[in-house]
Amino acid sequence: MERVRINIYGIVQGVGFRPFIHKAVIDHRLTGYIKNTSSGVEIEAEGDASEIEKFISTLPEKAPKLAVIENISVKHGLPIIGYKDFEIKSSRTDKMRNTLISPDICICDDCLRELNTPGNRRYKYPFINCTNCGPRFTIIKDVPYDRVKTSMGAFPMCHDCEEEYHDINNRRYHAQPDCCSVCGPEVFFAHGRDDENITGNAAIEQARRELKDGRIIAVKGLGGIHLACRCDMPEIVSELRLRKHRDEKPFAIMCRDTAAAEKLCEVSDEEKKILESFRRPITLLRKKIPGTYMHLSENEYIGIMLPYTPLHYLLLGDDIDMLVMTSANISDEPIIYSNDEALEKLSDIADGFLLHNRDIVTRCDDSLCWTLDGHEYFARRSRGYVPFPVRADTSDMLFAAGAEQKASFCLSKENYVFPSQHIGDLKNYETLENYEQQAEHFKRLFDIVPAAAACDMHPDYLSTQYAESLGVPLLKVQHHHAHMAACMADNDLEGKVTGLIWDGTGLGTDGTIWGSECLSGGYGGFDRIASIKPIPLIGGDRAVKEIDRVAFALLSLSGESACSEFESSAQYAEMLSRSINCPLSSGMGRLFDGAAAILGIKDRASYEGQGAVLLEAAAERGGCRPDGEYPIEFYEEGGTVFFDWRPIIKEMVNDRRRGKAAGALAAVFMNTLMKMAVEECTRTGNERVVLSGGTFQNMYIMHTLPGMLEKAGFEVFRHRRVSCNDEGISLGQLCVLQYHLRSQR
Ligand code: ZN
Ligand code: ZN
Ligand code: FE
């Protein structure tokens with residue numbers, strides 16, 4: 001006979017944990033109680049010592065899917081009380097503010113079975129859910145997590161649902177969003193604001209019919225509204241592009257199941273695991289046949305996700321195995337999430353609307369990732385992951401504002417950092433407004449009052465201006481230093497590392513734009529060991545999209561005649577020779593853009609980074625990985641070495657003239673830069689290398705460079721829990737700030 005007290009920390013509330021424990025204690029013939037605490041649950045168990053041992057040891061593997069057990073502490077040898085039974089003590093809600101909130105989770109197998117079982121009282125009911133699945137973060141208005149504080153508060157439970165809710169042996173015990181067709185939300189279909197609504201399953205059937213007929217339908221999801229259409233007919237997809245003003249960016253596809261995804265793409269076992277995971281990210285999968293489905297994606301990957309709401313499952317089916325599912329938004333505005341806004345703003349884009357009356361409280365875009373070593377490698381960490389925190393070596397309540405184009409913020413409390421969902425480009429007013437609202441929402445949900453803040457050094461970033469408005473001590477962190485710190489924190493590193501930071505743009509400490517950085521340092525500071533020869537951006541920001549401007553500058557400075565190649569050559573030459581509006585940039589993204597234009601792959605980008613994406617795709621389409629590389633030359637200036645790209649530009653032009661294929665040269669170009677990286681890293685004297693920055697979304701590089709560095713004796717770290725692009729920067733800013741605060745004490 002023994003009595004123990006067990007404290008379990010992590011996401012263990014609102015996820016079916018107490019019923020799970022209740023069953024387990026019966027199995028092990030234990031008595032005692034369970035109650036929620038501010039940071040998890042507390043269990044007292046009395047019974048046979050070996051049964052207690054078994055009970056504890058099987059907790060982690062048997063816990064409900066949504067539960068995340070971070071730590072279990074056990075106090076043995078308490079005096080026997082003689083509990084008669086096992087009690088579930090009701091929670092003291094005011095103390096629950098530390099509790100973590102679960103992300104939104106896709107429909108579980110049990111609910112899916114019920115959804116498809118005629119006679120079940122939730123047969124074909126599009127809002128079926130249970131403690132193991134359904135909406136969470138996107139419907140929560142406030143804590144503690146309770147139905148009345150979610151958008152399900154508008155739907156009082158019927159008698160039957162209430163009974164399930166109170167039945168400890170039911171899968172829906174204390175499932176806050178639980179409902180049925182009697183008491184819950186209702187789906188409807190309309191062609192527009194003034195059209196009469198079709199409700200219930202007839203609405204879904206109508207949407208299915210119209211989709212099959214080639215119409216574009218707005219569909220309400222978990223964190224926002226999608227635009228859906230057939231993906232097998234290029235003319236329909238291009239109509240959607242036309243209406244959405246989205247010329248060339250790839251569209252995400254929702255496939256009925258993995259088998260359907262395998263029609264388009266290769267799906268490895270590792271990718272399948274992530275594709276089918278209950279977080280349901282959009283997974284970037286390599287096309288089965290290079291160069292196919294160009295109307296969906298102009299590069300060699302297609303972003304595919306599986307259905308995650310019951311409504312999605314009812315929408316797809318035997319006769320619809322895949323659909324384009326792209327976020328409904330107007331250019332750079334945030335994703336549309338309310339019915340009214342959808343009916344108003346999408347009236348010219350969508351032919352029909354499949355909506356419902358359960359409000360989305362918080363916007364949350366689909367997450368987007370590749371698979372590397374069996375793990376997610378994020379381009380966007382959002383739905384399904386947010387607002388789950390990242391464990392880090394933090395202790396203070398802090399705010400980090402992030403960057404600008406791929407804005408996200410972080411808040412910290414104790415050992416948790418809470419990265420926000422994907423927010424978007426703050427230059428758009430609605431996006432900035434959403435950023436500010438989300439920052440307030442997170443502070444309230446997690447009860448965080450920041451004592452200090454961090455932001456980028458760039459004075460014009462709207463995130464910087466927001467951080468300045470907070471009225472707390474503010475630390476400005478150099479952009480690439482923040483990238484490096486983010487990747488360190490992502491891998492729990494301390495001390496000194498080499499940061500290989502390649503991205504498009506970030507303000508340097510010298511006032512020029514950086515972006516091909518080899519840094520040496522840690523949270524406390526850095527030395528700039530290496531970079532690349534700065535490139536004059538003819539016309540400043542215009543060169544980000546008009547990438548022929550970059551090509552012209554690269555060619556001219558390399559002594560190659562560029563005059564015949566580009567339309568506006570005379571004007572570019574004039575600006576370049578007189579240095580009119582030609583700010584210098586050592587951004588790796590710009591070098592890639594320029595190379596793409598020189599190789600004839602693309603001369604105008606319709607979105608930032610397109611040149612780099614297409615250059616990678618051209619190399620991948622070659623189907624091979626040529627060994628070739630160009631000579632590498634550095635020059636030194638002020639203690640930093642700079643890679644001189646002029647020799648490789650000359651070689652590239654010569655190879656082009658000799659008729660070598662652009663794809664092969666694109667590969668040689670990237671090989672050269674990777675070799676440059678290895679040389680730079682040997683100059684730092686550090687053993688550990690962290691890779692961060694948006695250029696590391698290039699899978700050709702991510703599949704090659706780590707191996708090259710390891711072969712040269714380095715230990716290589718990449719992002720694991722946050723994105724390598726600017727979305728991940730807020731984590732780095734926060735960790736630099738924490739370091740500074742500690743070193744001041
Ligand atoms: Zn379920
Ligand atoms: Zn009901
Ligand atoms: Fe960056």
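Relevant structure appears above.
Our subject in this report is the structure included herewith. (Residues numbered from 1 in each chain as written. Chains lettered and ligands numbered in written order. Predicted model: local features only at pLDDT ≥ 70, side-chain atom pairs only at ≥ 80, totals over all residues. Heavy atoms only, no water.)

## Considerations on the sheet that holds strand S22 (residues 474-477)
Neighbouring strands of a sheet are bound in pairs by backbone hydrogen bonds; such pairs are parallel or else antiparallel. This is how it is decided: Strand pairing follows a simple DSSP-based rule, namely that at least 2 bridges must link the two strands. Helical segments are the DSSP runs of H or I of at least four residues, strand segments are the runs of E of at least two, and each set is numbered from the N terminus. The contact criterion used throughout is that any non-hydrogen atoms of two residues lie within 4.5 Å. As a rule, the C-alpha atoms of each element are fitted with a line to give its axis, helices using only the stretch in contact, and angles between N-to-C directions run from 0 to 180 degrees.
Pairing is mixed in the open sheet, where six strands are placed in the order S17-S20-S19-S18-S21-S22. Whereas interior strands pair on both sides, the edge strands pair on one side only; in this sheet they are strand S17 (390-391) and S22. Pairing analysis gives three bridges linking strand S18 (residues 398-400) to strand S19 (residues 410-413), with the strands arranged antiparallel. Looking across to S19, one finds that Leu398 is bridged to Ser412. Sheet contacts for helix H23 (residues 729-744): S18, S19, strand S20 (416-419), strand S21 (452-456) and S22; angle to S18, the most-contacted strand, approximately 140°.

## A closer look at the coordination of the zinc ion (ligand 1)
The condition that has to hold: Only N, O and S atoms count as donors, using a 2.8 Å limit from the metal and a wider 3.2 Å limit for Na, K and Ca, and since water is excluded some coordination spheres may look unfilled. For four-coordinate sites, all angles between 85 and 135 degrees define a tetrahedron; for four- and six-coordinate sites, opposite donors beyond 155 degrees with the remaining angles between 65 and 115 define square planar and octahedral shapes respectively, and all other cases count as irregular. When accessible area is computed with a 1.4 Å probe and restricted to protein chains, residues below 20% of their type maximum are described as buried, those above 50% as exposed, and intermediate ones as partly exposed.
Distances from the zinc ion (ligand 1) to its protein donors, Cys108 (SG), Cys111 (SG), Cys130 (SG) and Cys133 (SG), fall at 2.3 Å. Of note is the zinc ion (ligand 1), whose four donor atoms meet at the metal with angles of 104 to 119° in an arrangement that counts as tetrahedral. Mapped onto the sequence, the donors of the zinc ion (ligand 1) take the spacing C-x2-C-x18-C-x2-C. Here Cys108 is found in the loop between strand S5 (86-88) and helix H3 (109-115), whereas its partner Cys133 is found in the loop between H3 and helix H4 (159-166), with 25 residues between them in sequence. We classify Cys108 as buried; its relative accessible area is 5%.

## Description of helix H17 (residues 588-598)
The element H17 is extensively covered by neighbouring structure, given that 11 of its 11 residues are classed as buried. Buried within H17 are the following residues: Met588, Gly589, Arg590, Leu591, Phe592, Asp593, Gly594, Ala595, Ala596, Ala597 and Ile598. Two residues or fewer past H17, Gly600 is found with a positive phi of approximately 75°.

## Topic: the coordination of the iron ion (ligand 3)
Taken together, the protein ligands of the iron ion (ligand 3) are His479 (NE2), His483 (NE2), Asp503 (OD) and Asp726 (OD), with distances of 2.0 to 2.3 Å. Mapped onto the sequence, the residues coordinating the iron ion (ligand 3) show the spacing H-x3-H-x19-D-x222-D. Taken as a pair, His479 in helix H13 (residues 479-490) and Asp503 in strand S23 (residues 497-507) lie far apart in primary sequence, 24 residues in all. Across the pair, Asp503 and His479 agree in class, each one buried.

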